[in-house]
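# Structure at a glance
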Amino acid sequence: MTPLVRARALACEDLPAYLYDLSALREHAAAVRAALPERVELYYAAKANPEPDILAALGPYVDGYEVSSGGELAHVAKAMPDRPLAFGGPGKTPAEITSALELGVQRFHVESVAELQMLAHLASRVVPRAKVAVLARFNLAVSASLLQGSSMAMGGSPTPFGFDPSQADEVVRLLTDGTYPHLELRGVHAHLASGLHAPELIAVAEAVVAWAMSLAERHRIRLAEVNVGGGMTVDYADPHGRFDWAGYGRGLGRLLAAHPDLVLRIEPGRALTAYCGWYATEVLDVKFSHGEEFAVLRGGTHHLRTPASQRHDQPCTVLPVHTWPHPWPRPVAQQDCVTMTGQLCTPKDVLARGVRAIGLRAGDRVVFALAGAYAWNISHHDFLMHPPPAFHFLDA
Ligand SMILES: *Cc1c(COP(=O)(O)O)cnc(C)c1O
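## A look at empty space enclosed by the protein
Tallying each qualifying case throughout the model produces one cavity of 30 Å³ or more. Lining the largest cavity are M154, A190, H191, L192, A193, L196, L201, V204, V228 and G230. Taken together, the residues of the lining of the largest cavity break down into eight nonpolar, two polar and no charged.

## Things to note about the pairing of strand β2 (residues 40–45)
In regular strands, side chains alternate between the two faces of the sheet. In terms of burial, β2 is a largely internal element, five of the six residues being buried. Here β2 runs beside strand β3 (residues 64–67); their pairing, made up of three bridges, is parallel. Among the inter-strand pairings, Y43 is bridged to a residue of β3, identified as G64. With respect to chirality, the unit in which β2 leads through helix α3 (residues 52–58) into the neighbouring parallel β3 is right-handed.

## Comments concerning the layout of surface pockets
Summary: where empty space remains is shown by rolling a probe the size of a single water molecule over the atoms. Of the volumes computed, that of the largest pocket is approximately 500 Å³. Lining the largest pocket are 30 residues, and of these K47, R137, H191, S194 and Y374 sit closest to its centre. Taken as a whole, the second largest pocket holds about 320 Å³ of empty space. If one sorts the elements of the lining of the second largest pocket by residue count, helix α2 (residues 22–35) sits on top with three residues. Taken together, the residues of the lining of the second largest pocket sort by class into 13 nonpolar, four polar and one charged.

## A word on the site of the ligand
In the vicinity of the ligand, 14 residues are found, and the nearest of them are K47, G231, E267, R270 and Y374. Interatomic distance of 2.8 Å between a side-chain N/O atom of K47 and an oxygen atom of the ligand. G269 is positioned such that a nitrogen or oxygen atom in its backbone is 2.9 Å from an oxygen atom of the ligand. When isolated, the ligand has an accessible area of 390 Å², and the protein chains bury 91% of it.

## Description of helix α7 (residues 168–176)
The complete set of buried residues in α7 reads A168, V171, V172, L174 and L175. Here the buried residues of α7 occupy an arc of 160° about the axis, which is enough to place them on one side. On its buried face, α7 is in contact with α6 (113–126), β6 (132–137), β9 (183–189) and α8 (198–219). G178, located one to two residues past α7, shows a positive phi value of around 90°.

## Here we look at the packing of aromatic side chains
In the structure shown here, the tally under the stated rule is 13 aromatic pairs. Between the aromatic rings of F243 and W245, the centroid separation amounts to 4.8 Å while the plane-to-plane angle is 70°, which identifies the pairing as edge-to-face. Classification of W245 as buried rests on a relative accessible area of 6%. Summarising the aromatic geometry, the rings of F243 and Y248 are spaced 5.4 Å apart at their centres and angled 75° between planes, so their arrangement reads as edge-to-face. You'll find F243 and Y248 in the same group, each marked buried. Grouped by ring-pair contacts, the aromatic residues Y18, Y20, Y279, F368, W376, F391 and F393 constitute a single cluster. The aromatic ring of Y275 is capped on one face by R242, whose charged end is 3.6 Å from the ring centroid. In this arrangement the basic side chain of R265 is found over the ring face of Y43, its NZ or CZ atom lying 4.8 Å from the centre.

## Remarks on the sheet that holds strand β11 (residues 263–266)
Strand pairing in a sheet takes place through backbone hydrogen bonds and is either antiparallel or parallel in direction. Within the closed barrel, the eight strands sit side by side as β2-β3-β4-β5-β6-β9-β10-β11. Their pairing is parallel. When the angles between neighbouring strand axes are averaged without regard to direction, this sheet yields 30°. Examined bridge by bridge, strand β10 (residues 225–227) and β11 share three bridges and lie parallel to one another. Within the sheet, the bridge partner assigned to E225 lies in β11 and is V263. Running at roughly 150° to strand β5 (residues 107–110), α6 makes contact with β5, β6 and β9 of the sheet.

## Describing the pairing of β11
Note that β2 and β11 share three bridges and pair parallel. Directly across from E41, in β11, lies its bridge partner R265. Chirality of the crossover, the property in question, places the unit of β10, helix α9 (residues 245–257) and β11 among those that are right-handed.

Calculation notes
- Residues numbered from 1 in each chain as written.
- Predicted model: local features only at pLDDT ≥ 70, side-chain atom pairs only at ≥ 80, totals over all residues.
- Heavy atoms only, no water.
- 1 Å grid on protein atoms, 1.4 Å probe; cavity = no way out; pocket = protein on both sides within 12 Å on 5 of 7 lines; lining within 4 Å.
- Points joined across faces, edges and corners; volume = space filled by probe spheres on them.
- Nonpolar A, V, L, I, M, F, W, Y, C, P; charged D, E, K, R; others polar.
- Buried < 20%, exposed > 50% of the residue type's maximum accessible area, 1.4 Å probe, protein only.
- Helix = DSSP H or I, 4+ residues; strand = E, 2+ residues; numbered from the N terminus.
- Pairing = 2+ DSSP bridges.
- Right-handed = clockwise from strand over helix to strand, strands pointing away.
- Near = heavy atom within 4 Å.
- Polar contact = N/O pair within 3.5 Å; in protein donor to acceptor, adjacent residues only side chain to side chain.
- Areas by Shrake-Rupley, 256 points an atom, 1.4 Å probe, with all protein chains shown as cover.
- Arc of directions from axis to C-beta.
- Contact = heavy atoms within 4.5 Å.
- Phe/Tyr/Trp six-rings, centres within 6.5 Å; stacked < 30°, edge-to-face > 60°.
- Lys NZ or Arg CZ within 6 Å of the ring centre and 35° of its normal.
- Axes fitted to C-alpha atoms, helices over the stretch in contact; angles between N-to-C directions.

So, to be careful, I would describe these as geometric facts and stop short of saying anything about function.
Structure (structure tokens):
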């Protein structure tokens, strides 16, 4: 953890607390931006963590924000006025599309024929003099098996996301034959998988671009942009590891060199913000059950659902506290390893198993790392009615 976070985790009276290190976030985002070629636009997928301080800290390093609902659209437009927005996601409602048109959203990621028809109708009413820029999202079946011996198929399984590839010719025709004069087909979007390393993601980008270029050639049109999505891996077993942004940037650079008129866009969420957040709390009790030892923490998965939803152990650090303010004895761990659980009445409320914590005591602090993305905002806050955590945005 960073020195700022360690100091605050020890000093904090209002545990549990989310601690965000905004200076660390800026440093990371600057390194990501610096690793990417100029013709790669970087959008932040706001669903990973939409806290206004996070959106603002990323501001100087991103070209825009990707939003996936009317709620995110209103929230990000308010937090970051006048910044480019891309609006994606399935099941967009007429009201959401209308407000996106009114807000002048830069890109619509269209997911279905019905949505295309609705967007065309609403655009002709809401912004009759504008051309609304569209990326058609496709659920492409892409194989990365050609590269570095890896073998995995991405996309291509039945999902509610994007057009089926068999609809590509129809979609291009609808958007280029004058049927929808208020819409302009700018390119293609494909967010096919999450948790991929740089070589696989480069192979995916190459395959998506090749597919888009052959589609353009077949219809004798120009597709100026390809958005290859997010999905850069975060390794929860290795809190110090990082996605190979430099290697990824070089791979995208080679791809762009082969397509001098193309703009690539990426929209990472997790790999941008996971590392800037920590969930700090304290041990309430240490207890023994059928051969195993448990540390019961203040808080739990109703604040940090990430390990329960992704089935991993959230990496954590114990900060020993030497004073015990109570007149009753202090519970102390007898074994080398404990399971870190929360206060919920469900066996699923586990934050980490097999944590080496010799001599752990009630009152010690425990700080969970990689809690900056898909953490608080994916958690079921009201289950059991425990108080919410505090939030501290730290800055050097
Ligand atoms: C969730 C999502 C992202 C971000 O994915 P990460 O795995 O957080 O990088 C990007 N694009 C779309 C369309 C998404 O749904």
